[in-house]
Amino acid sequence: MGNALTHYLKPDVMPGPDVVTTFDPMLGFESRKERVMIATREEMESAKLPLDARDYCAHLAIAYQACRTDTFPFVYKCAHQKHEYLTCEYEDYVLRMKEFERERRLLERQKRLNQAA
């Protein structure tokens, strides 16, 4: 919602779309689990998974794709795998947006503290 305009107007406090976090991931947290890929590169390549689907939900995409292949033409039987995969994709999206917002707020806080000093 206006990210491109805000990035143009306030480039010092608006992280880019592919920027690596500049702050400690544990800042403000007592304990936080690191995200781990479950599907390996070899599994994704052997399943011929598209590049845009090779994310933290790839293991569910492989299971969904295998189910569709096994039950074709009755792909409606894979509704559970599809639901799991789409739920994982949604939760991944929400987590990425939260990380983006956290980075933006920390950049604004750092700018505010630098101006006060």
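Residues numbered from 1 in each chain as written. Predicted model: local features only at pLDDT ≥ 70, side-chain atom pairs only at ≥ 80, totals over all residues. Heavy atoms only, no water.

(A) Representation of the overall build of the chain. Counting secondary structure elements, the chain contains 4 helices and 0 strands. Secondary structure of the chain in N-to-C order comes out as α-α-α-α. Its C-alpha atoms give the chain a radius of gyration of 19 Å, clearly above 13 Å, the size a compact globule of 117 residues would have. Burial statistics for the chain: of 117 residues in total, 21% are counted as buried. A fraction of 52% describes how many contacts in the chain between residues 6 or more apart in sequence connect residues 24 or more apart. Taking the 18 positively charged and 19 negatively charged side chains of the chain as two groups, their mean positions are separated by 5 Å. (Helix = DSSP H or I, 4+ residues; strand = E, 2+ residues; numbered from the N terminus. Rg over C-alpha atoms; globule rule 2.2 N^0.38 Å. Buried < 20%, exposed > 50% of the residue type's maximum accessible area, 1.4 Å probe, protein only. Contact = heavy atoms within 4.5 Å. Lys, Arg positive; Asp, Glu negative; His and termini not counted. Charge placed at Lys NZ, Arg CZ, Asp CG, Glu CD.)

(B) View of unusual backbone geometry. For the peptide bond that leads from Phe72 to Pro73, omega is 10°, which places it in the cis range. Inspection of the secondary structure assignment puts Pro73 in the loop between helix 3 (58–71) and helix 4 (79–116). Here the phi dihedral of Lys48 falls at roughly 55°; this positive angle occurs in a residue that is not glycine. Position of Lys48 among the secondary structure elements: in the loop between helix 2 (41–46) and helix 3.

(C) View of the nonpolar core. The biggest cluster of nonpolar side chains holds 10 residues, and these are Ala39, Met44, Leu49, Ala53, Cys57, Ala58, Leu60, Ala61, Tyr85 and Cys88. Contributions of two or more residues to this core are made by helix 3 and helix 4. No other element matches the 3 residues that helix 3 contributes to this core. What Cys88 contacts, discounting residues up to four positions off in sequence, is Tyr56, Cys57 and Leu60. (Core = buried A, V, L, I, M, F, W, Y, C linked by side-chain atoms within 4.5 Å.)

(D) Just the packing of helix 3 against helix 4, in detail. For the pair helix 3 and helix 4, interaxial distance at closest approach is 9 Å and the crossing angle is 155°. Comparing their axes, helix 4 and helix 3 come out roughly antiparallel. The two elements helix 3 and helix 4 meet at a crossing, and its hand is left-handed. Contacts from Leu60, Ala61, Ala63, Tyr64 and Cys67 of helix 3 reach helix 4 at Gln81, Lys82, Glu84, Tyr85 and Cys88. Class assignment for the residues of the contact of helix 3 with helix 4 results in 7 nonpolar, 1 polar and 2 charged. (Axes fitted to C-alpha atoms, helices over the stretch in contact; angles between N-to-C directions. Parallel < 35°, antiparallel > 145°, perpendicular 65-115°, else oblique. Left-handed = near helix turned anticlockwise from the far one by under 90°. Nonpolar A, V, L, I, M, F, W, Y, C, P; charged D, E, K, R; others polar.)

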